[in-house]
Amino acid sequence: MEAVCRTEASREKKTPTLGPSLATQLPESTNCLVCSEDGSYLSLGHSQGLSVWCASSLICVAEWLQDRVEITSIQMTRMAEGAYMLGTVDDMGVARVFAYRCEGIHLLSVINIMENINERRICLTFEVSDGGDYGAASISCNGALWLELYHFPSEAWLRELEMARSQKQHPNSSGDVDVKYSPVSVVIKIKPPKIPTGRTSDGPLEGLQMTDFLTHCLALDIHTSRSCQQELHPFSTEAGKMKETDESPRRCTHHFLLPCGQFPGGNKPASQPGLPVAVCVWWSGSHNLLQYLLQKAPKNKPDMEPMPDALWPNAKEILCSAVSRCTRYIALGLDDGLVCVWDRQSGSSLSVVLVSATDSGFFRMQFVDYWPVSADDPQAFTVAKVNLLVLCKSGTIYTVTTGRGTLSGSVQLTERSKHSRDLPAVAASVPFLQFLLLVVRRNGTMLLQDAVNKTTVCFLIPPTTHMIATPCNPVYALNTKQQTLYIKGDQEPSCSVPSKGGSQSQLFSFCFGESDIIKHYIVSLPDSQQPQESLRCVALEEACDSYLQQRVVSVDERNKALRQTWKQLEETAAKVQQRDSRAAAS
């Protein structure tokens with residue numbers, strides 16, 4: 001009924017609609033969906049395991065089934081020709097690594113085996129790097145939380161997979177092949193930052209003896225985090241309660257980083273251009289972005305906690321983050337409506353942009369790496385121009401444009417949502433559609449929006465018998481190669497049409513390349529989606545020359561930002577003085 005109302009509403013507005021070109025029944029309780037980067041396969045996580053489907057025909061080609069296992073998160077990356085790595089997390093917090101090859105799914109490793117029920121290590125998030133060389137898992141155990149980085153023996157796994165295939169094809173083989181795959185090794189274990197040994201964070205911040213910039217930033221971050229916790233929990237100032245508050249777990253967000261610019265810790269460049277060399281991490285409530293090299297601890301100090309080799313301090317608390325595809329730029333959504341973009345090539349801030357004073361609660365952000373530039377754009381010559389898509393908790397969507405030598409600014413695409421059902425659950429750029437955004441609202445409405453004209457290009461309408469499943473967190477995937485959107489739909493409660501097999505969920509395929517409405521928006525993507533110029537390690541002299549040139553070009557913009565920063569500092573100082581005056585009076 002809801003889908004019918006949406007169809008009628010769209011017709012009244014005379015906005016074109018686009019229906020699915022293909023549909024098929026989904027396995028029971030399909031929770032997650034991902035498409036391989038080459039566009040060949042889909043991976044589905046559901047109750048009793050996972051399956052791999054052909055992306056063009058929507059036919060299941062392989063599956064791994066196990067009772068009482070429900071996959072809730074899945075990721076897919078290409079290991080080699082015809083071989084793909086799958087990283088999954090189930091509803092019990094167990095992370096696994098699979099390989100799909102030769103029409104079969106093979107379990108390579110279980111990341112966090114539950115050996116002791118009293119020390120149950122639960123995986124909250126699990127990510128596999130592009131190419132399948134590294135993995136990262138957020139682990140929770142007995143109230144503590146940390147990030148573990150793993151190195152996967154990808155080359156050994158490929159040889160072992162080939163060995164398993166050969167044994168299975170042997171004439172004397174019974175069909176069941178038991179292969180012991182090479183183990184996963186832990187590279188580093190990152191815990192929430194602490195002040196180094198010999199320092200103390202008790203008492204006022206001024207009492208700390210600082211010997212270096214890193215120690216100062218970590219101490220300031222911990223002090224600020226405590227102040228925020230005291231404001232949120234005013235009755236936890238007693239010694240015992242305060243200790244409990246300080247030790248409450250802090251969630252972490254991480255991104256793998258490719259080679260770019262100068263890296264501390266040695267002069268040797270990365271062995272492979274596409275191999276991650278570092279990871280950047282920030283913790284909830286933190287102002288600092290930390291970088292750790294992907295290298296093991298010394299053999300004589302295996303239990304030594306790693307210290308960050310780089311730190312990017314920020315004036316406000318970090319709310320969300322994103323990394324460009326080439327990982328040269330790191331964008332941070334800060335409190336009070338600020339967006340800061342760091343340039344790893346020069347090691348400095350690219351810019352700080354005030355998006356909105358009213359929409360300060362950032363929810364999610366995304367780099368638009370392949371946003372085509374208009375030929376009439378006078379700033380098309382700039383080489384360090386980046387575009388961001390920012391989604392606020394209020395439902396407002398902004399685009400942010402910044403770079404060296406460009407006039408930074410933001411454009412509001414949508415108004416603040418008046419009702420919670422109108423909030424966008426998904427707002428993502430579509431790489432192969434020029435200036436178009438895919439928007440899925442919590443009321444189940446799907447549409448393509450023109451980011452330049454701020455108009456709705458078309459509505460994406462499922463059949464009248466179905467509606468978008470879990471619109472607050474839709475299960476969908478974009479296939480950039482086949483220019484197709486896949487999304488899960490559930491049968492309408494009011495629909496009396498019986499479904500085969502008892503499952504009411506369908507997978508709908510919206511093929512944008514076949515629609516006359518969208519054809520003129522389609523653009524060709526570059527063959528290589530990772531600019532090699534940004535991936536190489538540069539010499540220190542070359543980095544300095546580039547940095548000085550960028551400073552000359554951006555002098556006007558930096559002066560403007562400096563005046564704005566001083567204004568914000570004066571306002572903040574006035575607020576602090578007022579707060580201190582009220583505290584003294586009370």
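Quantities reported herein were computed from a predicted structural model and do not represent experimental measurements. (Residues numbered from 1 in each chain as written. Predicted model: local features only at pLDDT ≥ 70, side-chain atom pairs only at ≥ 80, totals over all residues. Heavy atoms only, no water.)

Draft legend 1. Spatial organisation of the pattern of salt bridges. Counting across every chain of the model gives 9 salt bridges. A salt bridge links Asp90 to Arg96, with the shortest nitrogen-to-oxygen separation between them at 2.9 Å. You'll find Asp90 and Arg96 in the same group, each marked buried. Here Arg165 ties to Glu162 by a salt bridge, and the two come within 2.6 Å at their closest N and O atoms. In this pair, Arg165 and Glu162 are both assigned in helix α2 (residues 154-169), 3 residues apart and thus about one turn of the helix distant. According to the relative accessible area criterion, Arg165 is partly exposed, its value standing at 29%. Using a relative accessible area of 29% as the deciding quantity, one classes Glu162 as partly exposed. (Salt bridge = Lys/Arg side-chain N within 4 Å of Asp/Glu carboxyl O. Buried < 20%, exposed > 50% of the residue type's maximum accessible area, 1.4 Å probe, protein only. Helix = DSSP H or I, 4+ residues; strand = E, 2+ residues; numbered from the N terminus.)

Draft legend 2. Here's a closer look at the nonpolar core. Of all hydrophobic cores here, the largest spans 24 residues; its most connected members are Val97, Phe126, Phe152 and Trp157. Contributing elements (two or more residues each) for this core: β6 (83-90), β7 (95-101), β9 (122-128), β10 (134-141), β11 (144-151) and α2. Considering every element that reaches this core, the biggest residue donor is α2, with 4 residues. For Val97, the contacting residues outside a window of four places in its chain are Met85, Leu86, His106, Leu107, Leu108, Ser109, Ile111, Phe126, Phe152 and Trp157. If you look at the next biggest cluster of nonpolar residues, it comprises 22 residues, including Leu18, Val426, Leu438 and Cys458. (Core = buried A, V, L, I, M, F, W, Y, C linked by side-chain atoms within 4.5 Å. Contact = heavy atoms within 4.5 Å.)

Draft legend 3. Spatial organisation of the sheet that holds strand β21 (residues 362-367). Reading across from one edge, β21-β22-β23-β24 is the order of the 4 strands in this open sheet, with antiparallel pairing throughout. Of all the strands in the sheet, just β21 and β24 (409-412) have a single pairing partner and so form its edges. On average, each strand axis in the sheet is tilted by 25 degrees relative to the strand beside it, whichever way the strands run. Pairing of strand β22 (residues 385-392) with strand β23 (residues 397-403), which is carried by 7 bridges, proceeds in the antiparallel orientation. Across the sheet, Val390 pairs through a bridge with Tyr398, a residue of β23. (Pairing = 2+ DSSP bridges. Axes fitted to C-alpha atoms, helices over the stretch in contact; angles between N-to-C directions.)

Draft legend 4. Representation of a nonpolar patch on the surface. A surface patch of nonpolar side chains, amounting to about 340 Å² of accessible area, comprises Leu562, Trp566 and Leu569. With respect to the secondary-structure elements, Trp566 resides in helix α7 (residues 555-585). (Patch = residues over 30% accessible without salt bridge, like charges linked within 9 Å, V, L, I, M, F, W, Y side chains within 5 Å. Areas by Shrake-Rupley, 256 points an atom, 1.4 Å probe, with all protein chains shown as cover.)

Draft legend 5. Region of interest: the packing of aromatic side chains. Inspection of every chain in the model, using the stated rule, returns 7 aromatic pairs. Arranged with centres 6.3 Å apart and planes meeting at 55 degrees, the rings of Trp312 and Trp342 form a pair that is tilted. Here the residue Trp312 occupies a position in strand β16 (residues 310-313), and Trp342 occupies one in strand β19 (residues 338-343), the gap between them amounting to 30 residues. An identical accessibility class is assigned to Trp312 and Trp342; each is buried. (Phe/Tyr/Trp six-rings, centres within 6.5 Å; stacked < 30°, edge-to-face > 60°.)

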